[in-house]
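# Overview (structure and organization)
Here's the letter readout for the chains.
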Amino acid sequence: TTIAKKIKKEIFQLYGPTIELSGNNFRKIFGLNKYTKKARIENLPKYLHFCKLITNQKINLIFSLIGMFNRARNWNRKNIDNYVEIYIKTDVYKIISFKRKKIYFKKARNVVGLDIKPQFPKKPHIVINNDFSKSIDDLVKELLSKIKKLNLWGLKIYFQ
């Protein structure tokens, strides 16, 4: 989400109207308050069709979320023009050790990577390895460089 927010301005300048949205924003807007694997599966169509609605209006969408299911990525590839899948590869235990996410310290349940096993992307367009040795700004520069190399018009970006 942090990286997604930081690339929005550049993506807007390169590709036009752009919205940045996180899974947390989406859940808050639509009152999706359950985090079980079952609830996540039930919410998938809501995410997918919302993204298609936005992108069909020629608005670029940077959507950062934990994309746990390959079927969602496959649907996006088939149904969303210029879909770009970005996998920010990191270790959940490093996130915990660096105290990046407070949720891990609240004895949370249904945490992806701890309680729920994700399906990692099989063929993302872009992979960014975040082992916490680089600053966020360096990761952003690396990502923007890789996006520009794709040479797309009408970009739809989904972080996993």
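Our structure's up above, just so we're on the same page.
As the structure is a prediction and not an experimental result, all values here were calculated from the model. (Residues numbered from 1 in each chain as written. Predicted model: local features only at pLDDT ≥ 70, side-chain atom pairs only at ≥ 80, totals over all residues. Heavy atoms only, no water.)

This brings us to the packing of helix 1 (residues 2-15) against helix 6 (residues 136-150). Taken N-terminus to C-terminus, the directions of helix 1 and helix 6 make an angle of 40°; their axes are 10 Å apart at the nearest point. By the criterion of interaxial angle, the relationship of helix 1 to helix 6 is oblique. Handedness of the crossing formed by helix 1 with helix 6: right-handed. For the pair helix 1 and helix 6, the contacting residues are Thr2, Ile3, Lys6, Ile7, Glu10, Ile11, Leu14 and Tyr15 in the first and Ile136, Asp137, Leu139, Val140, Leu143, Leu144, Ile147 and Lys148 in the second. (Axes fitted to C-alpha atoms, helices over the stretch in contact; angles between N-to-C directions. Helix = DSSP H or I, 4+ residues; strand = E, 2+ residues; numbered from the N terminus. Parallel < 35°, antiparallel > 145°, perpendicular 65-115°, else oblique. Left-handed = near helix turned anticlockwise from the far one by under 90°. Contact = heavy atoms within 4.5 Å.)

Here strand 1 (residues 18-22) lies mainly inside the structure; 4 of its 5 residues are buried. Judged from the 5 bridges that link them, strand 1 and strand 2 (residues 60-64) form a sheet pairing that is parallel. Opposite Ile19, over in strand 2, you have Leu61 as the bridge partner. (Buried < 20%, exposed > 50% of the residue type's maximum accessible area, 1.4 Å probe, protein only. Pairing = 2+ DSSP bridges.)

Turning our eyes to something else, we now look at the environment of Lys89. Structurally, Lys89 can be placed in strand 3 (residues 83-89). In sequence terms Lys89 and Phe120 are 31 residues apart; their C-alpha atoms lie 9.2 Å from each other. Setting aside residues no more than four positions away along its own chain, Lys89 makes contact with Val127, Ile128, Asn129 and Asn130.

Applying the stated criterion across every chain yields a total of 6 salt bridges. Salt-bridge contacts for Glu10 lead to Lys148; the nearest nitrogen and oxygen are separated by 3.2 Å. Of this pair, Glu10 sits in helix 1 while Lys148 is found in helix 6, placing the two residues 138 residues apart along the sequence. Put simply, Lys38 and Glu42 hold a salt bridge, and the shortest N to O gap is 4.0 Å. With a gap of 4 residues between them, Lys38 and Glu42 both fall in helix 3 (residues 37-56), about one helical turn apart. Relative accessible area serves as the criterion here: at 46%, Glu42 is assigned to the partly exposed category. One network of salt bridges, in which partners are shared, links Lys134, Glu142 and Lys146. (Salt bridge = Lys/Arg side-chain N within 4 Å of Asp/Glu carboxyl O.)

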